[in-house]
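Residues per chain, in single letters:
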Amino acid sequence: MYRFVPQKRRSALRLKFGTAYFCARRQLAWLRWRNCFVRRPEADCIAEIRRTFPYHITRHASPIFRNLSEEDTALQVGKAANLALAAQCVSGAVLEPGRIFSYWRLIGNPTRRKGYQDGMMLLNGRPVAAVGGGLCALSNLIYWMTLHTPLFVAERFRHSYDVFPDVNRTRPFGSGATCVYNYRDLMIQNRTAVPYALVVWLEDGMLHGEWRSPYPAADIYEVYQKEHWITSEAPGVYVRHNTIWRRHFVPGSDGSRILQSDEYVTENHALMMYEPLLESTCRNDEA
């Protein structure tokens, strides 16, 4: 049973040392299990990847820019530049059977020295400027695509805040994956006997992605929201909840789809940063 707990205010010193502790733990884990992780792809390998992995298992595209204030325009430009750099680090990654894809291990620390710019990042649900801001758009995309494959999500963190109303949303609320270097990671394990390759690119203001395979896709996955509700936790404080489920279909001999399973994926609980009104039938892409 979910219970709302107001976030504690911690001193800057405690936050600094806490972050350093969790980052160090993650670095040690990466070192210990280094032979299990996917390596960063070589530059200019995409043409070869598309040849070796000719079939796209799933693909998706999400808008990079939002209709926000003029003050945030520069941050959105920085977000696009950051996504372009991060995409180069993960695009072309080959996930062999038994291996693990680690979002942050491939990208590394997004610092200004590496060319990352100030982009929009959410801090306690509020947009702020931060070096490397905007990379959650990439982790959101990869997570959503992965749910439409046989790949196993080994680690994913949900967003704690619901920032934008449901305007033109194309995916269920809470279907993304937040990321904080390096202890809030997105890790995907290949528990199948087939290798997969990730391809990501930016084009015409959109962030595109594909999971590709040497073999055509047979199974079909449908990800959907099964439950959705909003609770009032205090005057002016609303929390949004839902559960995400996935239907798995296999092809029948007559060309039909046979339901193989209908499985629970995850649940989400997010503090709403806007006043809830009548629920809209329109949906917008995950931030």
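Residues numbered from 1 in each chain as written. Predicted model: local features only at pLDDT ≥ 70, side-chain atom pairs only at ≥ 80, totals over all residues. Heavy atoms only, no water.

**Q** It is not clear to me how the pairing of strand β11 (residues 220-234) should be interpreted in this structure. Could you clarify?
**A** Regular strands show a simple pattern: their side chains alternate between the two faces of the sheet. Of the strand pairs in this sheet, β11 and strand β12 (residues 237-251) are connected by 13 bridges, and their pairing is antiparallel. Bridge pairing links valine 223 to arginine 246 in β12. Taking the residues between adjacent antiparallel strands as the criterion, β11 and β12 are bridged by 2 residues, where glycine 236 takes a positive phi near 80°. (Pairing = 2+ DSSP bridges. Helix = DSSP H or I, 4+ residues; strand = E, 2+ residues; numbered from the N terminus.)

**Q** For this particular structure, what's the right way to read the pattern of salt bridges?
**A** Proximity of charged atoms lets side chains of opposite charge pair with each other. Applying the stated criterion across every chain yields a total of 11 salt bridges. A salt bridge links arginine 212 to glutamate 210; the nearest nitrogen and oxygen atoms lie 2.6 Å apart. For the pair arginine 212 and glutamate 210, a shared accessibility class is recorded, and that class is buried. If you follow the salt bridges from partner to partner, you end up with Arg50, Arg59, Glu210 and Arg212 in one network. (Salt bridge = Lys/Arg side-chain N within 4 Å of Asp/Glu carboxyl O. Buried < 20%, exposed > 50% of the residue type's maximum accessible area, 1.4 Å probe, protein only.)

**Q** For this particular structure, what's the right way to read the nonpolar core?
**A** Note that soluble globular proteins tend to have their nonpolar side chains buried in a common cluster. Core analysis: the biggest nonpolar cluster contains 42 residues, and Phe101, Tyr103, Ile107, Leu138, Ile142 and Trp211 have the highest contact counts within it. Contributing elements (two or more residues each) for this core: α3 (73-90), β3 (100-102), α4 (103-107), α5 (136-146), β8 (187-189), β9 (196-203) and β10 (206-213). Here this core gets 7 residues from one element, more than from any other, and that element is α5. Among the nonpolar cores identified, the runner-up in size contains 5 residues, and Cys45, Ile49, Phe53 and Val199 belong to it. (Core = buried A, V, L, I, M, F, W, Y, C linked by side-chain atoms within 4.5 Å.)

**Q** Would you mind going over the sheet that holds β10 with me for this structure?
**A** The pairing of strands in a sheet happens through backbone hydrogen bonds and is either parallel or antiparallel. Read from one edge to the other, the open sheet built from 4 strands follows the order β1-β10-β9-β2, with strand pairing classed as antiparallel. The outermost strands of the open sheet, each flanked by one partner alone, are β1 (55-63) and β2 (94-95). Judged from the 7 bridges that link them, β9 and β10 form a sheet pairing that is antiparallel. Counterpart to valine 200 in the pairing with β10 is glycine 209. Docked against the sheet, α5 engages β1, β9 and β10, running at close to 35° with respect to β10. (Contact = heavy atoms within 4.5 Å. Axes fitted to C-alpha atoms, helices over the stretch in contact; angles between N-to-C directions.)

**Q** What should I look at first to understand α5 in this one?
**A** Since one α-helical turn is 3.6 residues long, residues separated by three or four positions face the same way. By the criterion of burial, α5 is predominantly enclosed, with 10 of the 11 residues buried. All of the buried residues in α5 are Ala137, Leu138, Ser139, Asn140, Leu141, Ile142, Tyr143, Trp144, Met145 and Thr146.

**Q** Looking at this model, I keep getting lost on the packing of aromatic side chains. Mind explaining?
**A** Under the counting rule described, the total for this entry stands at 6 aromatic pairs. Relative to phenylalanine 22, the ring of tyrosine 21 has its centre 5.2 Å away and its plane inclined at 70°; by these criteria the two rings are edge-to-face. Relative accessible area serves as the criterion here: at 46%, tyrosine 21 is assigned to the partly exposed category. When its relative accessible area of 40% is taken as the criterion, phenylalanine 22 is described as partly exposed. Geometrically, the ring pair formed by phenylalanine 101 and tryptophan 211 is edge-to-face, given 6.3 Å between the ring centres and 75° between the ring planes. (Phe/Tyr/Trp six-rings, centres within 6.5 Å; stacked < 30°, edge-to-face > 60°.)

**Q** Any chance you could explain the environment of serine 62 here in plain terms?
**A** Within the fold, serine 62 resides in strand β1. When the C-alpha positions of serine 62 and leucine 141 are compared, they lie 7.4 Å apart, and in sequence the two are 79 residues distant.

**Q** How do you make sense of the side chain of serine 139 when you look at a structure like this?
**A** Secondary-structure assignment places serine 139 in helix α5. In this structure the side chain of serine 139 is engaged in a polar contact, spanning 2.6 Å, whose partner is the backbone oxygen of alanine 177. Not counting chain neighbours up to four residues away, the residues in contact with serine 139 comprise Tyr103, Ala177, Thr178, Cys179 and Leu186. (Polar contact = N/O pair within 3.5 Å; in protein donor to acceptor, adjacent residues only side chain to side chain.)

**Q** Which parts of the structure should I look at to understand the side chain of histidine 241?
**A** Inspection of the secondary structure puts histidine 241 in strand β12. Within polar-contact distance, the side chain of histidine 241 engages the side chain of threonine 231 at 2.8 Å. If we skip the residues at most four places from it in the chain, histidine 241 touches Tyr2, Phe173, Glu227, His228, Trp229, Ile230, Thr231, Glu233, Asn268 and His269.

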